[in-house]
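Coordinate analysis (summary)
Residue-level listing of the chains:
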There are 4 protein chains.
Amino acid sequence: MNITLEQAEKLIKTAKEKAKALDTKMNIAIVDAGANLVAFVRMDGAWLGSLDIAIKKAKTARYFDMNTGSIGELSQPGESLFNIEHSNNGLITFPGGVPIKNGKGEIIGAIGVSGSSVENDHEVADAGAKAI
Amino acid sequence: MNITLEQAEKLIKTAKEKAKALDTKMNIAIVDAGANLVAFVRMDGAWLGSLDIAIKKAKTARYFDMNTGSIGELSQPGESLFNIEHSNNGLITFPGGVPIKNGKGEIIGAIGVSGSSVENDHEVADAGAKAI
Amino acid sequence: MNITLEQAEKLIKTAKEKAKALDTKMNIAIVDAGANLVAFVRMDGAWLGSLDIAIKKAKTARYFDMNTGSIGELSQPGESLFNIEHSNNGLITFPGGVPIKNGKGEIIGAIGVSGSSVENDHEVADAGAKAI
Amino acid sequence: MNITLEQAEKLIKTAKEKAKALDTKMNIAIVDAGANLVAFVRMDGAWLGSLDIAIKKAKTARYFDMNTGSIGELSQPGESLFNIEHSNNGLITFPGGVPIKNGKGEIIGAIGVSGSSVENDHEVADAGAKAI
């Protein structure tokens, strides 16, 4: 139950189109079920610092099988997972990371997007994840 | 005064049973008095990201000889140990890490559990620690 | 196609018995198909430094789907893979890491063993891998 | 003078075709003139450990504006750059990394390929670099 490169390339194509429709420049990363990178693109002019963030968002979404923004809510000061970001060589816990599910609802990987507002990042990631 | 592998395996067995009773899937780590890993298991389907967190919880509990949740209270913004997580290659300071004591009350290691709510994580860790 | 915890525990049991038969004290690690840790034990009195080596041997064997000793031959000075150890946060390329295959010959994980001579390390790892 | 994503994707397409023609499964990475990742693909079934090696080969080729194999010759025991691999968070100095030049001969990035023999790795990287 692992995403294929062909699937990953289809998701990235969809995510890039959504990024252009929103007039944004994104870093887009896809990891497999083992949280290992399968495919990555950085659109021309996208923030350099978002390269690592996109990859970490994809990994974080697969590490915990949920959208990265959900972890962010639980890791605020005083909340139950405060400072969870110090694990796993660094997590990114704001929106933009989304698990990828196959037709049976099984998680086969995750997508991470970074380069604009977290709302746009999530919208692009979600569009990609749904293109499976 | 160090936990043995036989003891560690007994604790992990008890912790796994508690995890199943709570209908959870856990990563469970045991470190010795030197804070070095003695035994580890990841239950099928448990979060991948909890692998590192379970080990860090066990280490954190032994580093300071207290439950990880207690350190978490002291490391909130404005509190005395704010951002202590930056030490020791990363601490985890929410519940789920518990020191392990022998019959004389001496600390011989620690257990770290991650994979569910912090309440469940702590309950499983505590069940394991008490099985010594 | 991923090793289960039950399988990993069976392999570790077999490897421990082989280690005892050889009068050695071993660190034994099992990773899954994604190269993530599934189970680990450190036998009482085993070298502390072998903890990390056992885990890195298991990862290295899965990273390249071959025995770690084979990579070691290719990475000697003047050979084609010299200094490959600088990748992947550190590889271990002497014997003691062995891929784990299921009944169909598919690789579902790997085992890494460290704590004695490399000949003994390999013999214990191989005994474990064959217990699947 | 920087490679565009469109160019990077064209190079990856060519490199993938060459990899298939050689009956190999490759990890392929493209970095820009700043040595930052632009695009990456891991072909289905390619070695997991080659993920990091492909990226490090691309970076190494751009760090020193030469084929990685050339650096490898200079970094053998007794040679002038012995152990240069310890710099830059790890270099890979065997073949498979090639600078990418535009029509004017200016270096605009580099390609790194890993997944087979170093001869095949270099052949695929070279085919990619020439597709600019």
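Structure report, in brief. Since we're looking at a predicted model, the values are computed, not measured.

Attention shifts here to the overall build of chain A. Within chain A, the regular secondary structure consists of four helices and four strands. Beginning at the N terminus, the succession of helices and strands in chain A can be written as α-β-β-α-α-β-β-α. Taken against the 2.2 N^0.38 rule, which gives 14 Å for 132 residues, the C-alpha radius of gyration of chain A at 13 Å falls within 12% of a compact globule. Seen through its C-alpha atoms, chain A measures out along the principal axes to roughly 40 × 35 × 20 Å. Taking all 132 residues of chain A together, the buried fraction comes to 59%.

What follows covers the pattern of salt bridges. Residues and elements named next belong to chain B. As enumerated under the stated definition, the model contains 32 salt bridges over all chains in all. Lys-57 serves as the salt-bridge partner of Asp-121, at 3.0 Å between the closest nitrogen and oxygen. Of this pair, Asp-121 sits in helix 4 (residues 118-130) while Lys-57 sits in helix 2 (residues 50-64), placing them 64 residues apart in sequence. Each member of the pair, Asp-121 as well as Lys-57, is classed as buried.

Residues and elements named next belong to chain A. Taken N-terminus to C-terminus, the directions of helix 1 (residues 5-21) and helix 4 (residues 118-130) make an angle of 145 degrees; their axes are 8 Å apart at the nearest point. As helix 1 packs across helix 4, the resulting crossing turns out to be right-handed. Across the interface between the two elements, Leu-11, Thr-14, Ala-15, Lys-18 and Ala-19 from helix 1 touch Glu-123, Val-124, Ala-127, Gly-128 and Ala-129 from helix 4. Considering only residue class, the contact of helix 1 with helix 4 consists of six nonpolar, two polar and two charged.

This part is about the sheet that holds strand 4 (residues 107-114) of chain C. Hydrogen bonds between backbone atoms are what pair the strands of a sheet, whose relative direction is either parallel or antiparallel. The eight strands are arranged 3(B)-4(B)-1(B)-2(B)-2(C)-1(C)-4(C)-3(C) in an open sheet whose pairing can be described as antiparallel. Whereas interior strands pair on both sides, the edge strands pair on one side only; in this sheet they are strand 3 (97-101) of chain B together with strand 3 (97-101) of chain C. Between one strand axis and the next, the sheet turns by 20 degrees as a mean value, whatever way the strands run. Its contacts with the sheet place helix 1 (residues 5-21) of chain C against strand 2 (37-42) of chain B together with strand 1 (27-32), strand 2 (37-42), strand 3 and strand 4 of chain C, and it is angled at close to 25 degrees to strand 2 of chain C.

So, on to the interface of chain B and chain A. How big an interface is tends to be stated in terms of the accessible area lost upon association of its parts. Between chain B and chain A, the residue contacts involve 20 residues of the former and 18 residues of the latter. Both sides of the chain B and chain A interface together cover about 1,400 Å² of buried area, and 65% of this is carbon and sulfur. Looking at the side of chain B facing chain A, the largest losses of area belong to Trp-47, Leu-48 and Phe-94 of chain B, adding up to 35% of the total buried there. If you look at where chain B meets chain A, you find zero salt bridges. Looking at the side of chain B that touches chain A, the element that brings in the most residues is helix 2 of chain B, giving four residues. Looking at the side of chain B that touches chain A residue by residue, the class counts come to nine nonpolar, eight polar and three charged.

Within this model, the second largest pocket holds a volume of roughly 1,100 Å³. Considering the residues around the second largest pocket, the lining is formed by 40 residues, among which Asn-2 and Ala-33 of chain A together with Met-1, Asn-2 and Ala-33 of chain C are closest to the centre.

Here we come to the relation of the copies chain B and chain A. Between chain B and chain A, the superposition needs a rotation of 91 degrees and an axial shift of 0.0 Å, giving an RMSD of 0.1 Å. Here the transformation between the copies is reduced to the relation of a four-fold axis. Distance from the rotation axis, computed per C-alpha, reaches its smallest value in chain B at Pro-77 of chain B: 4.8 Å. In this assembly, only 20% of the residues forming the interface of chain B have copies in chain A that are likewise at the interface, indicating a heterologous arrangement.

So, on to helix 4 of chain A. One turn of an α-helix holds 3.6 residues; hence residues three or four places apart share an orientation. Residues and elements named next belong to chain A. Between the first and last C-alpha of helix 4 there are 18 Å, a value that for 13 residues agrees with the 18 Å anticipated at 1.5 Å per step. For helix 4, the full list of buried residues reads Asn-120, Asp-121, Val-124, Ala-125, Ala-127, Gly-128 and Ala-129. Those residues of helix 4 that are buried are in contact with helix 1, helix 2 (50-64), strand 3 (97-101) and strand 4 (107-114).

This brings us to the pairing of strand 2 of chain C. Of all six residues in strand 2 of chain C, six are buried; the element is thus mostly enclosed. Where strand 2 of chain B and strand 2 of chain C come together, three bridges link them in antiparallel fashion. Of the residues in strand 2 of chain C, the one forming a bridge with Phe-40 of chain B is Phe-40 of chain C. Following strand 1 of chain C, the chain reverses through four residues before pairing antiparallel with strand 2 of chain C; Ala-35 of chain C in that reversal takes a positive phi of roughly 70 degrees.

As a further point, take unusual backbone geometry. The backbone phi angle of Asp-65 of chain A is positive, close to 50 degrees, even though this residue is not glycine. Relative to the helices and strands, Asp-65 of chain A is located in the loop between helix 2 and helix 3 (68-74). In this structure Asp-65 of chain A comes out as partly exposed when scored by relative accessible area, which is 27%. For Asn-83 of chain C, which is not a glycine, the phi torsion comes out positive at approximately 70 degrees. Given a relative accessible area of 9%, Asn-83 of chain C falls into the buried group.

In this section: the sheet that holds strand 2 (residues 37-42) of chain A. The sheet built from eight strands is open, its strands ordered 3(A)-4(A)-1(A)-2(A)-2(D)-1(D)-4(D)-3(D) with antiparallel pairing. One side of each edge strand has no neighbouring strand; the edge strands of this open sheet are strand 3 of chain A together with strand 3 (97-101) of chain D. Sheet twist, expressed as the average angle between the axes of neighbouring strands with direction ignored, equals 20 degrees. Sitting on the sheet, helix 1 of chain A touches strand 1 (27-32), strand 2, strand 3 and strand 4 of chain A together with strand 2 (37-42) of chain D, and the angle it makes with strand 2 of chain A is about 25 degrees. The sheet strands contacting helix 1 (residues 5-21) of chain D are strand 2 of chain A together with strand 1 (27-32), strand 2, strand 3 and strand 4 (107-114) of chain D, and the helix crosses strand 2 of chain D at an angle near 25 degrees.

Quick notes on the rules
Residues numbered from 1 in each chain as written. Chains lettered and ligands numbered in written order. Predicted model: local features only at pLDDT ≥ 70, side-chain atom pairs only at ≥ 80, totals over all residues. Heavy atoms only, no water. Helix = DSSP H or I, 4+ residues; strand = E, 2+ residues; numbered from the N terminus. Rg over C-alpha atoms; globule rule 2.2 N^0.38 Å. Buried < 20%, exposed > 50% of the residue type's maximum accessible area, 1.4 Å probe, protein only. Salt bridge = Lys/Arg side-chain N within 4 Å of Asp/Glu carboxyl O. Axes fitted to C-alpha atoms, helices over the stretch in contact; angles between N-to-C directions. Left-handed = near helix turned anticlockwise from the far one by under 90°. Contact = heavy atoms within 4.5 Å. Nonpolar A, V, L, I, M, F, W, Y, C, P; charged D, E, K, R; others polar. Pairing = 2+ DSSP bridges. Buried area = accessible area lost by both parts, 1.4 Å probe. 1 Å grid on protein atoms, 1.4 Å probe; cavity = no way out; pocket = protein on both sides within 12 Å on 5 of 7 lines; lining within 4 Å. Points joined across faces, edges and corners; volume = space filled by probe spheres on them. Least-squares fit on C-alpha atoms with pLDDT ≥ 70 in both. Expected span 1.5 Å × (residues − 1).

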